[in-house]
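A structural walkthrough
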Amino acid sequence: MTGRHTITGRAAALADSTRLDDAGFVLDDEAFDYDGDQYDREERAALRRVSGLSTELEDVTEVEYRQLRLERVVLAAVWCDGTLVDAENSLRELSALAETAGSEVLAGVIQRRTNPDPATYLGKGKAAELRDVVIAEGADTVICDTELAPSQRRALEDVVKVKVIDRTALILDIFAQHAKSREGKAQVELAQLQYLLPRLRGWGESMSRQAGGQAAGGQGMGSRGPGETKIELDRRRINSRIAKLRREIKDMKTTRDTKRGGRRANRVPGVAIAGYTNAGKSSLLNRLTGAGVLVENQLFATLDPTVRRAETPDGRLYTLADTVGFVRQLPHQLVEAFRSTLEEVADADLLLHVVDGSHPDPEGQISAVRAVLADVDATDVKEVIVVNKADLADPEVLDRLRRHEKHSIIVSARTGEGMDELRALVAEELPRPDVDVDVLVPYERGDLVSRVHETGEVLESEHVADGTRLTARVDPELAEDLSAYAV
């Protein structure tokens, strides 16, 4: 640290590319490059938690403009297959998810079973032991590391006497906090309602009363009948809302398809960035384009897809699309709801599959991402494994990944290591024009010259008295437009 430094506005940030920590101090980092304004970071950090000021018996914190009582949670998992290390890694990931959602993790328990208990998930005896842990830790929530059946959740709640949620509900809650665009919010709400529908439950008479007769607002004679129970009414309303959200998302998909169709018509290649959550996809996008997308050491920090224009070292234009992060056991409701967004990957010419090289199980991350890509029919896209965080990773792990994944590259979005090689690799892997032309384009047709430079590969260019002499490789459509000026 060399002292206090303040940046005000984009111009100052561009003029002075020093790197600051969260407190505003300068960090010595010669490799740091300006990667765009990240206003989302300022917004999320505008209210910070100050510990030790609470006068209540329970802690209260400010989380992203909403006052939330910090939930105290205990994690529970059933280890059915794999090694103990795999089970512990999954529980650590669940802990990170819980902290991202705004809770305090107190303890975690793992039970070895052939299969989860169909009644209480853990089994009657272990559920009673979990109740003792909850009491000892003073917890108010239990989070299970899988998706629970509605009956399992109710039975476990009856034993532990506190709220029980599963991994799916936790991920949906994080998505609901971080979605910002209209499409993202609609997709998350659709996934939440699809999850909630089979889990509606009655609370005594409040959910089972009849809506007919005088119970229905005192309508009296002429309105008596079997009526509709409140739980049936809620189901009908949820189904209506789901249908409306699907129509809205379908309309938004039309807009996305129109933009994508425009890029296809202009022969602009597309590169998609996909990968595990917190692997560094947004950091990579910022490094390559200066997009200014929020970068946070947090799971699912960014949900809304971002498409930016980029250029290869030889001057060809292409688009770079950042997509939502994946995770083990990603809820199928989310995959279905975000299908239109994930189609950016299926329609791309090249996929940059980002992997966290410092993660305890990078191979597990790769398998989880490929499973989701298979669900959205994106397995035919040419894939490059981009192993990120080389500055933090174990060299032996990097060597192992390089051996197992033949088409891979090692980079660090934080320090800039390997970024030039990545740009060159993208330029090499993108589809190249395949029609050779030798033309003399009149000066009044500068639009054709511009198209050749943007979408083609210029081999030789010369300005002569009658126009611009070009030797280039272009796509068939542009070659046809240039045919009238062939030498």
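Look up a bit, the structure's there.
Residues numbered from 1 in each chain as written. Predicted model: local features only at pLDDT ≥ 70, side-chain atom pairs only at ≥ 80, totals over all residues. Heavy atoms only, no water.

**A few points about the pattern of salt bridges**
The cut-off we apply is this: A carboxyl oxygen of Asp or Glu within 4 Å of a side-chain nitrogen of Lys or Arg is what we treat as a salt bridge. Only protein chains enter the accessibility calculation, which uses a 1.4 Å probe. A residue is then buried if its area is under 20% of the maximum for its type, exposed if over 50%, and partly exposed in between. Each helix corresponds to a stretch of at least 4 residues labelled H or I by DSSP, and each strand to a stretch of at least 2 residues labelled E; elements are numbered beginning at the N terminus.
Counting across every chain of the model gives 23 salt bridges. As a salt-bridge pair, D117 and R113 come within 3.8 Å of each other at their nearest N and O atoms. With relative accessibility at 16%, the residue D117 sits in the buried group. Of the residues examined, R113 reaches a relative accessible area of 24% and is grouped as partly exposed. Its salt-bridge partner being R241, residue E189 comes within 2.8 Å of it at the nearest N-O pair. Of the two residues, E189 sits in helix α7 (residues 182-196) while R241 sits in helix α9 (residues 230-265), which places them 52 residues apart along the sequence. We classify E189 as partly exposed; its relative accessible area is 26%. Beyond isolated ion pairs, a larger network of salt bridges with shared partners links E93, D145, R167, R328 and D361.

**Thoughts on the sheet that holds strand β15 (residues 435-441)**
Using the following cut-off: Any two strands with at least two DSSP-identified bridges between them are counted as paired. Helix axes are fitted only over the stretch in contact, all axes being lines through C-alpha atoms; the angle between N-to-C directions runs from 0 to 180 degrees. Contacts: residue pairs with any heavy atoms within 4.5 Å of one another.
Read across the open sheet, the three strands follow the order β15-β17-β16; overall the sheet is antiparallel. The sheet is open, and its two edges are formed by β15 and β16 (457-464), each paired on a single side. Here the average twist between neighbouring strands, direction ignored, is 10°. The pairing of β16 with strand β17 (residues 467-474) spans seven bridges and is classified as antiparallel. Paired with E462 across the strands is R469, a residue of β17. In this fold helix α16 (residues 446-455) packs onto β15, β16 and β17, with an angle of close to 35° to the strand it touches most, β17.

**Here we look at the sheet that holds strand β7 (residues 141-144)**
Taken in spatial order, the four strands of this open sheet run β6-β5-β7-β8, and their pairing is parallel. Strands at the two margins of the open sheet, each flanked by one partner only, are β6 (103-112) and β8 (163-166). Taken over all neighbouring pairs, the strand axes of this sheet differ in orientation by 25° on average, direction set aside. As judged from the nine bridges shared by strand β5 (residues 71-79) and β6, these two strands associate in the parallel manner. Residue pairing in the sheet places L75 in a bridge with G108 of β6. Taken strand by strand, helix α6 (residues 167-178) contacts β7 and β8, and its axis lies near 80° from that of β8.

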